[in-house]
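A structural walkthrough
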Amino acid sequence: MRRVTALLLTAFCVLPLSTQAAHATGYRYWSFWDRTGTTWTYATQGPATAVPSDGDVQGFRFAVSEDSSDATKPRGGASFAKICADTPSRDGDKRVALVIDFGTQADAPSGETPPALRTQCATVPEDATTAEALASVAKPLRYDTNALLCAIAGYPEQGCGEQVASGEKGKGKKETAAKKQHKDSGPSVGLLAGAAVVAALGGAAVWQARRRRSAQP
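Residues numbered from 1 in each chain as written. Predicted model: local features only at pLDDT ≥ 70, side-chain atom pairs only at ≥ 80, totals over all residues. Heavy atoms only, no water.

1. Overview of the overall build of the protein chain
- What the protein chain contains, in helices and strands, is 5 helices and 8 strands.
- Considering only contacts in the protein chain between residues 6 or more positions apart, those separated by 24 or more positions represent 65%.
- Entry remark: accessible area of the protein chain is about 12,900 Å², with carbon and sulfur atoms responsible for 55%. (Helix = DSSP H or I, 4+ residues; strand = E, 2+ residues; numbered from the N terminus. Contact = heavy atoms within 4.5 Å. Areas by Shrake-Rupley, 256 points an atom, 1.4 Å probe, with all protein chains shown as cover.)

So, in structure tokens, the structure goes:
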């Protein structure tokens, strides 16, 4: 009986661990960053409520990330002096340097190509939010019903913070039909784990039946 119990425990322990691995996900979205000196820091508030000061540098990066600790930072240099060099200051306004990194093809939605990274110097009223600064230089912006920023300068055309299997992060999207068919037709980790449970139950039943027969006079 102890042998049966051990088999069942082994099988059922494999199942939740395998299922968890199979369902790990990330999210495809625009992350928002503040820059101090040469360091990017994940913003502690959204662009709709953040109010930058004159001379600030802020960035946006489109990528697949699991959470803020896994988020991908904007690339390239980000000097306010360089980005706003040709934009003179004006009384009553402020200048905000923006880095807009549309990401790589690996993180792009299927059928879309990310535009090249660009920098913009936004001149806006002193009380303007980052969202207002962004709108002044990178229209059209797209938001969902929960005010989540979905697209900058029209990219991406569709989708908004959708879940993406973690295994897709860093992979190119241009799979051939043959590769996709092979991937979709293979057994999932969860299915293999389920088969292990069935095999364990079947093996336990056979072992018990043999034990009963051997015990009979």
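2. Some details on the confidence of the model for the protein chain
- Of the residues in the protein chain, 65% have a pLDDT of 70 or more, and the chain-wide mean is 76.
- Low confidence marks residues 2-23, where pLDDT is under 50. Its contacts with residues over four positions away, or in another chain, come to 18 contacts.
- Segment residues 209-213: pLDDT under 50, and 1 contact once partners within four positions in sequence are set aside and those in other chains are kept. (pLDDT = per-residue confidence, 0-100.)

3. Notes on helix 3 (residues 130-137)
- Among all positions of helix 3, only Thr130, Ala131, Ala133, Leu134 and Val137 are buried. Around the axis of helix 3, the buried residues are gathered within 160° of arc, so they sit on the same side.
- The inward-facing, buried residues of helix 3 contact strand 1 (25-36), strand 3 (57-65), strand 4 (93-101), strand 5 (118-125), strand 6 (142-143) and strand 7 (149-151). (Buried < 20%, exposed > 50% of the residue type's maximum accessible area, 1.4 Å probe, protein only. Arc of directions from axis to C-beta.)

4. Some remarks on the packing of aromatic side chains
- In this structure the tally under the stated criterion is 6 aromatic pairs.
- Ring centres 5.2 Å apart and planes at 75° place the aromatic pair Trp33 and Tyr42 in the edge-to-face group. (Phe/Tyr/Trp six-rings, centres within 6.5 Å; stacked < 30°, edge-to-face > 60°.)

5. Examining the pattern of salt bridges
- The final tally for this structure, using the stated rule, is 4 salt bridges.
- Its salt-bridge partner being Arg28, residue Glu162 comes within 3.0 Å of it at the nearest N-O pair. Within this pair, whereas Glu162 is found in the loop between strand 7 and strand 8 (163-165), its partner Arg28 is found in strand 1, the two being separated by 134 residues in sequence.
- Residue Glu162 is classed as partly exposed on the basis of its relative accessible area of 26%.
- Between Asp101 and Arg61 there is a salt bridge, with its nearest N and O atoms 3.4 Å apart. (Salt bridge = Lys/Arg side-chain N within 4 Å of Asp/Glu carboxyl O.)

6. Brief notes about the state of the cysteines
- Scanning the model with the defined rule gives 2 disulfides in all.
- Note on cysteine connectivity: Cys84 is disulfide-linked to Cys121, with sulfurs 2.1 Å apart. One quick way to see it: the torsion about the S-S bond of Cys84 and Cys121 is about 105°, and its sign makes the bridge right-handed. Of this pair, Cys84 sits in the loop between helix 2 (80-83) and strand 4 while Cys121 sits in strand 5, and the two are 37 residues apart along the sequence.
- On the basis of relative accessible area, Cys84 is assigned to the buried category, the value being 2%.
- The disulfide partner of Cys150 is Cys160, and the gap between their sulfur atoms is 2.0 Å. What sets the handedness of the Cys150 and Cys160 disulfide is the S-S torsion sign, and at about -75° it is left-handed. Remark: Cys160 occurs in the loop between strand 7 and strand 8 and Cys150 occurs in strand 7; sequence separation between them is 10 residues.
- Overall, Cys160 belongs to the partly exposed group, its relative accessible area being 24%. (Disulfide = S-S within 2.5 Å.)

7. Concerning the nonpolar core
- Trp30, Phe60, Leu98, Ile100, Leu134, Leu149 and Ile152 are the most contacted members of the largest nonpolar core, which totals 22 residues.
- The set of elements that each furnish at least two residues to this core consists of strand 1, strand 3, strand 4, strand 5 and helix 3.
- Every residue in contact with Leu149, bar those within four places of it in the chain, is listed here: Trp30, Phe60, Leu134, Leu141, Arg142, Tyr143 and Cys160.
- The next biggest cluster of nonpolar side chains, apart from the first, holds 12 residues, and it includes Tyr29, Trp33, Ala78 and Val99. (Core = buried A, V, L, I, M, F, W, Y, C linked by side-chain atoms within 4.5 Å.)

8. Concerning the environment of Ile152
- Here Ile152 shows up in the loop between strand 7 and strand 8.
- With 17 residues separating them in the primary sequence, Ile152 and Ala135 have C-alpha atoms 8.5 Å apart.
- Not counting chain neighbours up to four residues away, the residues in contact with Ile152 comprise Trp30, Phe60, Ile100, Phe102, Leu134, Ala138, Pro140 and Leu141.

9. Comments concerning the environment of Gly55
- Along the polypeptide, Gly55 turns up in the loop between strand 2 (39-42) and strand 3.
- Separated by 24 residues in sequence, Gly55 and Ser79 have C-alpha atoms that sit 9.7 Å apart.
- Those residues in contact with Gly55 that lie beyond four places of it in its chain are Phe80 and Arg95.

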